[in-house]
Amino acid sequence: MNHALRLLTVLGGSILLTVAAGWAADLLLRRADARHPETPLWNSLRRCRPALQIVMLAALLRGAHGQTGWQPLQEHEAAVGRTLSLALIGAGAWLIVGVASAAVESGYARYAAGTRDPARLRRVRTQVTLITRVVTAVVAVVAAAAMLLTFPSFRALGTSVLASAGIIGIVAGVAAQSTLGNLFAGFQIAFGDMVRIGDTVVVAGEWGVVEDITLTFLAVRTWDERRLTMPVSYFTTRPFENWSRGGVQMTGTVFLHCDHSAPVDLMRDKLQEILHDCPEWDGRGWDLAVTETTPSTIVVRAIVTAKDADDLWTVRCAVRERLVAWLAEKHTEALPRVVLAPAQESGAGRSAAGWGVTLDKPGSPSPQGR
């Protein structure tokens, strides 16, 4: 009975102390957040309360479970102690990652509040994301190693591993060459400012926006909501288009194939009218000119500008649709035509019915029809 009472005292006391410590920490963080609402650090740290309570409970039970004198605990003291140690290490790693993430996110939030440059914000956001993931990976590896070292067999194994660390390092480096290449490429992207979260890029012939960057892969969201997952080493070894580099303002083109009789001057006036009615056009510039001619058509190129890639797409579609509709309504003769009428007979020649080819003599096409 005395042992059961001591067990309940140790267990109940540990739980009460853990709950009280968690409540006190949460109260202090709420007061700090009320005094300093300009920074989200204190409110973010409140999310670490469960990890803190598990650390305290595991530490208290780890130190006091041997004082209960309860026979089952004494018979399995090594297993119970190891279990509590594993819980303490895991919860400690969770707490460290939570605190580090809260500190990094708070620093980014304060930086974002005082910066109005979108490109710089995207760069810092990319770096913050990768730094958080690096810290998480390092803490997880250290915690896993610490957990393994709680087992005596792994401690003995550690000596032999350290003795052959050179050979293992060479083998691991060769085996994980691709993984390590992606890892270093991730750092190069983050701190070399090659591509950032939110950038508009064209990769593998696909247009999209960079949605996520990790240490090993990069996700691009295309215009039709598909996700392209690509290794980060792709962006350090191959050329790609970054439309957000050096500013998000863009210039685009619209090509129209018209008949040689197309009223180019009137089309130029109509383009100006369309752009003035289009809210997505940023007013920086426009132009319309004949850039190519073929035996049957001319190629008219319209140049338009917009503040970003999304607006540029909208402006190009609007110009293309309205110019074609205006030509179809007002100048039908300006649209390209395919003539399939039979040629008129003259002299000894005769027409090839349905093909518009004039023959000089039966079975022999004229030079005009070749």
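Since this is a predicted model, take the numbers as computed values, not measurements. (Residues numbered from 1 in each chain as written. Predicted model: local features only at pLDDT ≥ 70, side-chain atom pairs only at ≥ 80, totals over all residues. Heavy atoms only, no water.)

Visitor: Got a minute to help me understand the overall build of the protein in this structure?
Guide: Along the backbone of the protein there are 12 helices and 11 strands. Per-residue burial over the protein gives 31% buried out of 370 residues. Roughly 22000 Å² of accessible area belongs to the protein as shown, and the carbon and sulfur atoms make up 63% of that amount. (Helix = DSSP H or I, 4+ residues; strand = E, 2+ residues; numbered from the N terminus. Buried < 20%, exposed > 50% of the residue type's maximum accessible area, 1.4 Å probe, protein only. Areas by Shrake-Rupley, 256 points an atom, 1.4 Å probe, with all protein chains shown as cover.)

Visitor: Just checking my understanding: could you explain the packing of aromatic side chains for this structure?
Guide: The geometry of an aromatic ring pair is captured by two quantities: the separation of the ring centres and the angle between the planes. Overall, the coordinates contain zero aromatic pairs when judged by the stated rule. In this arrangement the basic side chain of Arg-125 is found over the ring face of Tyr-108, its NZ or CZ atom lying 5.1 Å from the centre. (Phe/Tyr/Trp six-rings, centres within 6.5 Å; stacked < 30°, edge-to-face > 60°. Lys NZ or Arg CZ within 6 Å of the ring centre and 35° of its normal.)

Visitor: What should I look at first to understand the sheet that holds strand β8 (residues 298-306) in this one?
Guide: Hydrogen bonds between backbone groups are what pair the strands of a sheet, and the pairing can be parallel or antiparallel. On the basis of which strands lie adjacent, the open sheet formed by three strands has the order β6-β8-β7 and antiparallel pairing. Each end of this open sheet is capped by a strand with a single partner; those strands are β6 (250-258) and β7 (281-293). Neighbouring strand axes in the sheet, compared pairwise and without regard to direction, differ in orientation by 20 degrees on average. As paired strands, β6 and β8 are joined by nine bridges and run antiparallel to one another. Counterpart to Thr-251 in the pairing with β8 is Thr-305. Sitting on the sheet, helix α11 (residues 264-276) is in contact with β6, β7 and β8, with an inclination near 155 degrees to β7. Across the sheet, helix α12 (residues 309-330) lies against β6, β7 and β8, angled at about 20 degrees from β6, the strand it touches most. (Pairing = 2+ DSSP bridges. Axes fitted to C-alpha atoms, helices over the stretch in contact; angles between N-to-C directions. Contact = heavy atoms within 4.5 Å.)

Visitor: Would you mind going over the pattern of salt bridges with me for this structure?
Guide: If charged atoms from side chains of opposite charge come close, those side chains can pair. Tallying each qualifying case throughout the model produces 18 salt bridges. Of the charged contacts, one joins Arg-30 and Asp-26 as a salt bridge, the two residues approaching to 3.3 Å between their closest N and O atoms. In this pair, Arg-30 and Asp-26 both sit in helix α1 (residues 2-35), four residues apart, roughly one turn of the helix. Judged by relative accessible area, which is 9%, Asp-26 ranks as buried. (Salt bridge = Lys/Arg side-chain N within 4 Å of Asp/Glu carboxyl O.)

Visitor: Any chance you could explain the packing of α11 against α12 here in plain terms?
Guide: Here α11 crosses α12 at 135 degrees, and the two axes come no closer than 10 Å. Comparing the axis directions of α11 and α12 gives the class oblique. Relative to α12, α11 is oriented so that their crossing is right-handed. Facing Leu-266, Met-267, Lys-270, Leu-271, Ile-274 and Leu-275 of α11, the residues of α12 in contact are Val-315, Ala-318, Val-319, Arg-322, Leu-323, Trp-326 and Leu-327. Its residues placed into classes, the contact of α11 with α12 shows 11 nonpolar, no polar and two charged. (Parallel < 35°, antiparallel > 145°, perpendicular 65-115°, else oblique. Left-handed = near helix turned anticlockwise from the far one by under 90°. Nonpolar A, V, L, I, M, F, W, Y, C, P; charged D, E, K, R; others polar.)

Visitor: Even after reading the chapter, I still don't get the confidence of the model for the protein, so can you show me in this structure?
Guide: Low pLDDT means the predicted coordinates in that region are not meant to be read closely. Confidence along the protein averages 76 in pLDDT terms, with 73% of residues attaining 70 or more. For residues 347-370, every residue scores under 50 in pLDDT, and the model assigns this stretch 28 contacts once sequence neighbours within four places are set aside. (pLDDT = per-residue confidence, 0-100.)

Visitor: Can you walk me through α11 in this structure?
Guide: The periodicity of an α-helix, 3.6 residues per turn, causes residues three or four positions apart to be oriented the same way. Look at α11: 19 Å from first C-alpha to last across 13 residues, which is about the 18 Å you get at 1.5 Å a residue. Along α11, the residues classified as buried are Val-264, Met-267, Lys-270, Leu-271, Ile-274 and Leu-275. Taken end-on, α11 shows its buried residues confined to a sector of 135 degrees, consistent with a single buried face. Exposed residues pointing more than 90 degrees away from the buried face of α11 are listed as Asp-265 and His-276. Among the structural elements, β6, β7, β8 and α12 are those in contact with the buried residues of α11. (Expected span 1.5 Å × (residues − 1). Arc of directions from axis to C-beta.)

Visitor: What exactly am I supposed to notice about the nonpolar core here?
Guide: General note: in soluble globular proteins, nonpolar side chains tend to be found buried as a group. In this structure, Cys-258, Met-267, Leu-275, Leu-288, Val-315, Val-319 and Leu-323 are the most contacted members of the largest nonpolar core, which totals 26 residues. Those elements that place two or more of their residues in this core are β6, α11, β7, β8 and α12. With seven residues, the top contributor of residues to this core is α12. Not counting the four nearest positions on each side in its chain, Val-319 is found in contact with Val-254, Leu-271, Ile-274, Leu-275 and Val-304. Membership of the second largest hydrophobic core comes to 16 residues, among which are Val-201, Val-210, Leu-215 and Tyr-234. (Core = buried A, V, L, I, M, F, W, Y, C linked by side-chain atoms within 4.5 Å.)

Visitor: Would you explain the sheet that holds strand β2 (residues 206-213) in this entry?
Guide: Spatially, five strands are ordered β4-β3-β2-β1-β5 in an open sheet, and the strand pairing comes out antiparallel. If you trace the sheet from one side to the other, it starts and ends with β4 (227-231) and β5 (241-242), each paired once. Pairing analysis gives five bridges linking β2 to strand β3 (residues 217-222), with the strands arranged antiparallel. Paired with Val-210 across the bridge in β3 is Val-220.

Visitor: Could you clarify how one ought to interpret the environment of His-331 in this entry?
Guide: Here His-331 lies in the loop between α12 and β9 (350-352). In this structure the C-alpha to C-alpha distance between His-331 and Ala-262, which are 69 residues apart in sequence, comes to 7.7 Å. Apart from residues no more than four positions distant in its own chain, His-331 is found in contact with Pro-263, Leu-266 and Trp-326.

Visitor: Any chance you could explain the side chain of Ser-106 here in plain terms?
Guide: Structurally, the position occupied by Ser-106 is in helix α5 (residues 77-113). Not counting residues up to four positions away in its chain, the partners in contact with Ser-106 are Thr-39, Pro-40 and Leu-41.

Visitor: How should α12 be read in this particular structure?
Guide: With 22 residues, α12 extends 31 Å from end C-alpha to end C-alpha; this agrees with the ideal 32 Å at 1.5 Å per step. Among the residues of α12, those classed as buried are Ala-309, Asp-311, Leu-312, Val-315, Cys-317, Val-319, Leu-323, Trp-326 and Leu-327. Residues of α12 that are buried make contact with β1 (200-203), β2, β6, α11, β7 and β8. With a side-chain oxygen lying 3.3 Å from the backbone nitrogen of Asp-310, the N-terminal cap of α12 falls on Asp-308. (Polar contact = N/O pair within 3.5 Å; in protein donor to acceptor, adjacent residues only side chain to side chain.)

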